[in-house]
Amino acid sequence: MKFKRKHLIEIKDLCINYHVVIYIILFLTIFLIFLGNKIIVDSRMDLNIDSINAYKSFFLSWDDISSLGQDNQWTQTYIFPFGFLYFIFSLVFDNISITQALIYSTILFVGYYSFLKFFQNELKTTSIYTHVGALFYIFNLYVLTNITGSYFALLLPYVVLPLQLYFLNKLVLDIDYLKYAIGFSLSVLFMSAINPTLIAINLIIIFIYFLHLIILNNLSLKDIFKKLIITLAISVFINLYWILSIFSFFIGGGLDIQSTLSESLNILNMASSYLNTFRTMGQWAFHSGWMGKPYYNYSLIYLENPLFIFTMFLIPIVSLLTIITKKKKELLWVFALIIISIPMAVATNQGLFSGLYEWAYHNLPLFAMFRSNYKFMVGYIFGLSFLLSYLLISIKNFHLKIFIGLFMLGIILVNAFPFFTENIFEENGKFEKLPDYYYDAKSFFSKDDTIHRVFLLPAQYFAVYTWGHTKGNPEIIWDKPLIVREAGSSGKLNNKMTLRLYNYIFNKNYSEANNLMAELNIKYIVQRNDFDWEFYNEFSQNPSTIKDALSPYKEIKTFGKLDIYIIPKEYLNSLIISENIYFKEVNSVKTKIYLNDFKEKRKICLLESYHKGWKLYLKENPSSSWCDPIEYYNNSKTIECKHEKNFFEGEELSYLWKKQIFDDTHYVDYGYANCWTIDSSYIEANYPNKYFKKNLNGSIDIEMVVYFKPQSYFYLGLIISGTTLILCIGYLLQLENGKK
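Residues numbered from 1 in each chain as written. Predicted model: local features only at pLDDT ≥ 70, side-chain atom pairs only at ≥ 80, totals over all residues. Heavy atoms only, no water.

A description of the overall build of the protein should follow, citing residues and the corresponding values.
The helix and strand tally for the protein stands at 28 helices and 24 strands. Against the compact-globule benchmark of 27 Å for 740 residues, the protein has a radius of gyration of 29 Å, which places it among compact chains. Dimensions of the protein, computed from the C-alpha atoms along their principal axes, are close to 105 × 60 × 50 Å. Taking all 740 residues of the protein together, 56% fall into the buried category. In the protein, once contacts between residues fewer than 6 apart in sequence are set aside, the share between residues at least 24 apart is 76%. As presented, the protein carries roughly 32200 Å² of accessible surface, and 61% of it is formed by carbon and sulfur atoms. (Helix = DSSP H or I, 4+ residues; strand = E, 2+ residues; numbered from the N terminus. Rg over C-alpha atoms; globule rule 2.2 N^0.38 Å. Buried < 20%, exposed > 50% of the residue type's maximum accessible area, 1.4 Å probe, protein only. Contact = heavy atoms within 4.5 Å. Areas by Shrake-Rupley, 256 points an atom, 1.4 Å probe, with all protein chains shown as cover.)

Provide a residue-level description of the sheet that holds strand E14 (residues 576–577), including the pertinent values.
With antiparallel pairing, the 4 strands of this open sheet are ordered in space as E14-E17-E22-E21. On the outer flanks of this sheet lie E14 and strand E21 (667–669), each paired with one strand and no other. Sheet topology places strand E17 (residues 601–609) next to strand E22 (residues 673–679); 7 bridges connect them, and they run antiparallel. Of the residues in E22, the one forming a bridge with serine 609 is alanine 673. (Pairing = 2+ DSSP bridges.)

Let's hear about the pairing of strand E24 (residues 700–708): which residues, and what values?
The buried count for E24 comes to 9 of 9 residues, which makes it a mostly enclosed element. Along E24, one buried face is formed by Ile700, Ile702, Met704, Val706 and Phe708 and the opposite face, lined by Asp701, Glu703, Val705 and Tyr707, is buried too. Bridge analysis of strand E16 (residues 590–598) against E24 gives 7 bridges, and the strand direction is antiparallel. Looking across to E24, one finds that isoleucine 593 is bridged to methionine 704.

Can you explain the side chain of asparagine 521? Please cite residues and give values.
By secondary structure assignment, the location of asparagine 521 is in the loop between helix H25 (510–519) and strand E11 (522–528). The class for asparagine 521 is buried, based on a relative accessible area of 1%. In contact with asparagine 521, other than residues within four places in its own chain, are Ile451, His452, Arg453, Asn573, Ser574, Leu575 and Leu607.

Explain the packing of aromatic side chains residue by residue, including any values.
Here the distance between the centres and the angle between the planes together describe a pair of aromatic rings. Following the criterion strictly, the structure yields 85 aromatic pairs and no others. Geometrically, the ring pair formed by phenylalanine 535 and tyrosine 536 is edge-to-face, given 4.9 Å between the ring centres and 85° between the ring planes. Ring pairing ties together the aromatic residues Tyr55, Phe58, Phe59, Tyr78, Phe82, Tyr86, Phe87, Tyr241, Phe647, Phe648, Phe714 and Tyr715, which thus form one cluster. Seen from the ring of tyrosine 78, arginine 44 lies directly overhead, with NZ or CZ sitting 5.0 Å from the centre. The positively charged end of arginine 485 is found above the aromatic ring belonging to phenylalanine 539, 5.8 Å away from the centroid. (Phe/Tyr/Trp six-rings, centres within 6.5 Å; stacked < 30°, edge-to-face > 60°. Lys NZ or Arg CZ within 6 Å of the ring centre and 35° of its normal.)

Tell me about the state of the cysteines, and name the residues and values.
Simply put, disulfide is the name for a covalent bond between the sulfur atoms of two cysteines. Taken as a whole and judged by the stated rule, the model has 2 disulfides. Each sulfur in the disulfide pair cysteine 605 and cysteine 675 lies 2.0 Å from the other. Where cysteine 605 bonds to cysteine 675 through sulfur, the torsion about that S-S bond is close to 110°, and the disulfide is right-handed. Highlighted residues: cysteine 605 in strand E17 and cysteine 675 in strand E22, separated in sequence by 70 residues. In this pair, the class of cysteine 605 matches that of cysteine 675, namely buried. For the protein, numbering the cysteines in disulfides from first to last along the sequence yields the connectivity 1-4, 2-3. (Disulfide = S-S within 2.5 Å.)

An account of the packing of helix H9 (residues 156–173) against helix H11 (residues 196–216) is needed here, citing residue identities and associated values.
Orientation of H9 relative to H11, taken along the N-to-C sense of each, is 30°, at an axis distance of 10 Å. If you check the angle between H9 and H11, you find them roughly parallel. For the pair H9 and H11, the sense of crossing is right-handed. On H11, the residues that touch Pro157, Leu161, Gln164, Leu165, Leu168, Asn169, Val172 and Leu173 of H9 are Leu198, Asn202, Ile205, Ile206, Tyr209, Phe210 and Leu213. (Axes fitted to C-alpha atoms, helices over the stretch in contact; angles between N-to-C directions. Parallel < 35°, antiparallel > 145°, perpendicular 65-115°, else oblique. Left-handed = near helix turned anticlockwise from the far one by under 90°.)

Outline the sheet that holds strand E7 (residues 453–457), supporting the account with residue identities and numerical values.
Strand pairing in a sheet relies on backbone hydrogen bonds. The paired strands run either parallel or antiparallel. The strand order across the open sheet built from 5 strands is E10-E7-E11-E13-E12, with neighbouring strands paired in mixed fashion. Of all strands in the sheet, those bounded by a partner on one side alone are strand E10 (482–483) and strand E12 (554–559). Of the strand pairs in this sheet, E7 and E10 are connected by 2 bridges, and their pairing is parallel. What sits directly across from valine 454, in E10, is leucine 482. Against the sheet, helix H24 (residues 493–506) contacts E7, E10 and E11, and its axis sits at roughly 65° relative to E7.

So, the nonpolar core: which residues are in play, and what are the values?
By size, the foremost hydrophobic cluster in this structure holds 178 residues, and its most contacted members are Phe34, Phe82, Tyr142, Ile147, Tyr302, Trp333 and Ile683. Per element, the largest residue contribution to this core is 13 residues, and it comes from helix H21 (residues 377–394). Apart from residues lying up to four places away in sequence, tryptophan 333 is in contact with Phe118, Glu122, Leu165, Ile208, Tyr209, His212, Phe382 and Phe386. Formed by 59 residues, the second largest nonpolar core is a distinct cluster that contains Leu68, Tyr465, Tyr504 and Ile564. (Core = buried A, V, L, I, M, F, W, Y, C linked by side-chain atoms within 4.5 Å.)

Can you tell me about a nonpolar patch on the surface, naming the residues and giving the values?
Together, Phe84, Ile88, Leu91, Val92 and Phe93 line one region of the surface with nonpolar side chains, adding up to about 420 Å² of accessible area. Topologically, phenylalanine 84 is positioned in helix H5 (residues 79–93). (Patch = residues over 30% accessible without salt bridge, like charges linked within 9 Å, V, L, I, M, F, W, Y side chains within 5 Å. Salt bridge = Lys/Arg side-chain N within 4 Å of Asp/Glu carboxyl O.)

Can you tell me about the pattern of salt bridges, naming the residues and giving the values?
According to the stated counting rule, one finds 21 salt bridges in the structure shown. The residue glutamate 651 makes a salt bridge to lysine 619 at a minimum N-O spacing of 2.8 Å. Here the residue glutamate 651 occupies a position in the loop between strand E20 (638–641) and E21, and lysine 619 occupies one in the loop between strand E18 (614–618) and strand E19 (629–633), the gap between them amounting to 32 residues. On the accessibility criterion, glutamate 651 (18% relative accessible area) is buried. A relative accessible area of 19% means that lysine 619 is categorised as buried. Each of the salt bridges in this network shares a partner with another, and the network as a whole consists of Lys590, Lys592, Lys619, Glu649, Glu651 and Glu652.

Describe unusual backbone geometry, and please don't skip the residues or the numbers.
At the junction of phenylalanine 80 and proline 81, the peptide bond is cis and its omega measures out at 5° in the coordinates. Within the secondary structure, proline 81 sits in helix H5. The omega angle of the peptide bond from leucine 457 to proline 458 is 0°, so this bond is cis rather than trans. Topologically, proline 458 is positioned in the loop between E7 and strand E8 (463–465). Not every positive phi belongs to a glycine, and serine 150 is a case in point at roughly 70°. Here serine 150 lies in the loop between helix H8 (141–148) and H9. Although it is not a glycine, aspartate 597 sits at a positive phi angle of roughly 50°.

Written out as structure tokens, the structure is:
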């Protein structure tokens, strides 16, 4: 039977009730892409192998496991949503493979839905053709390389960008704007501050769209000033826990600028030509490799296969055909976004803009954050996705619309082929599980309650093993501070100290090695015979060389391919160095100290990396009743007490206004550690008797706390953010009940 055109139901009307079916199919497809029996290697190795304990550690502002101790405030941006999703799914499923598949599929689906929500609101349509642009938004080379490169968390600002634009549209144009102001604030919470460059790019795109709304709707800033102020206030309060942490991080000098900027512009921009950028392929590592192998195992297909070269050009060409449509005014902001994004993504590689970019990089404050130029692909891909959907719904011819829609859908899926094959990850980008002997070593170290560091051999850059390449060090599960060369500049403090120790040991200068290990608070050396030392054969050592170099040290245990050595007792130090003291670590940011027979001046040191955020506070009514001794250090007459793992004791907020003591004598010693010169006469002259006990010999006993003060700013921000979030959710629920 032959139907006339008028009897045909427009395909968008036919399918409008099938959006949910599409959502379910898409989510399940993405879930199955990532589901497997192996652990996906991502930038947060700690979340991959011990999600629950790793998530708990994010709430502490000092990381005592890595880098001789380091400011952990930046990691607090991972608390929500990234770390939270790992934590919740791990509790529910107790299976890292399912957990990771759910996280990856959830976040990519949010990007898909986010784009649809914005586009359908912008064009006032629910046409099924809007899904084509949404698919390109999540199945493209920018998303793909972030996943393969183990930087999935960096996609968070990208996936919520369209949702932020949607909320901005509604709060600017609607009378009842408060719920949209809350929605926008929550979307900011979802992108957190994991990467400042991506935050800045989102803000640039939001600003461009904001100008578009103002001009298109003939609004004045006066009309929407109140809305903007309220939205800004809610956004700040909801996100204050990480805003305060990041502010404190920068003020405290937590960013190693030289290490961060160690990659030159020439390297980062070496492949970002206008042609490569046009086809979304300007990332430097995509065109490079290591030891004869490309960094991305699928890159040569895109670079050399004529079909893929052609189709990668086809998507932007077809999308940009939107310029021939009649309603150009409402698209001007999208074209402006593309025109800005392309030169920024090309950066210094070529063109008239390259010189200006390099000048700005070296001279404009904060512009150096844009050294990784490929991140500007965010604006370009968003613009192409928008134009592609716009073009399809603008086509009037029914059959032509179906043909182009299906054709472009096919091109998108073909170009995204690594998503649907095992090529999405490198050969060593997954591993089944940690070898059992790592857990055996964990059990061994857990029986030692003292706080000492573990020195790892051989030397490394990233952590690569014969059973998989993990990026981060899986030895963190031992819950012992680690001494190991880390990725980044050799001039970084941790690497500088570690490389010195490597040199002493392999040059068999054991006297200097032992002294340095004492200063670094090392008790154990672990030789990892499963380490792929040939991968970094320029500076890694083979097992036989290491075994010979470690011959003066006692090998006390072997677990599988892990050999554990112990340092001679006379070189063992304690976390706190002084004389006649008791100490007990409450958590990584707080340690209690009791000093007896304290007379005149004395040096006291905390063997964690120097940071001006470490403070000493004098306690009232000094007592050592909290000490349950576990180790005595004869060389310093120091008693180490049984430690606790308490997150909050109730007094931490008071350190925001309490006066610290001896702050003017805080200095660096041993090349990295925090030391103070404390004076008993100063305490007796300036503090009431309740702050010290007077002894018959004229000395005094005091109790102090060494505390990382930025933790209190985090507590304050967490309380304000949590309270604001509860109030906002309460308002939204009340609004929903009012509708019913």
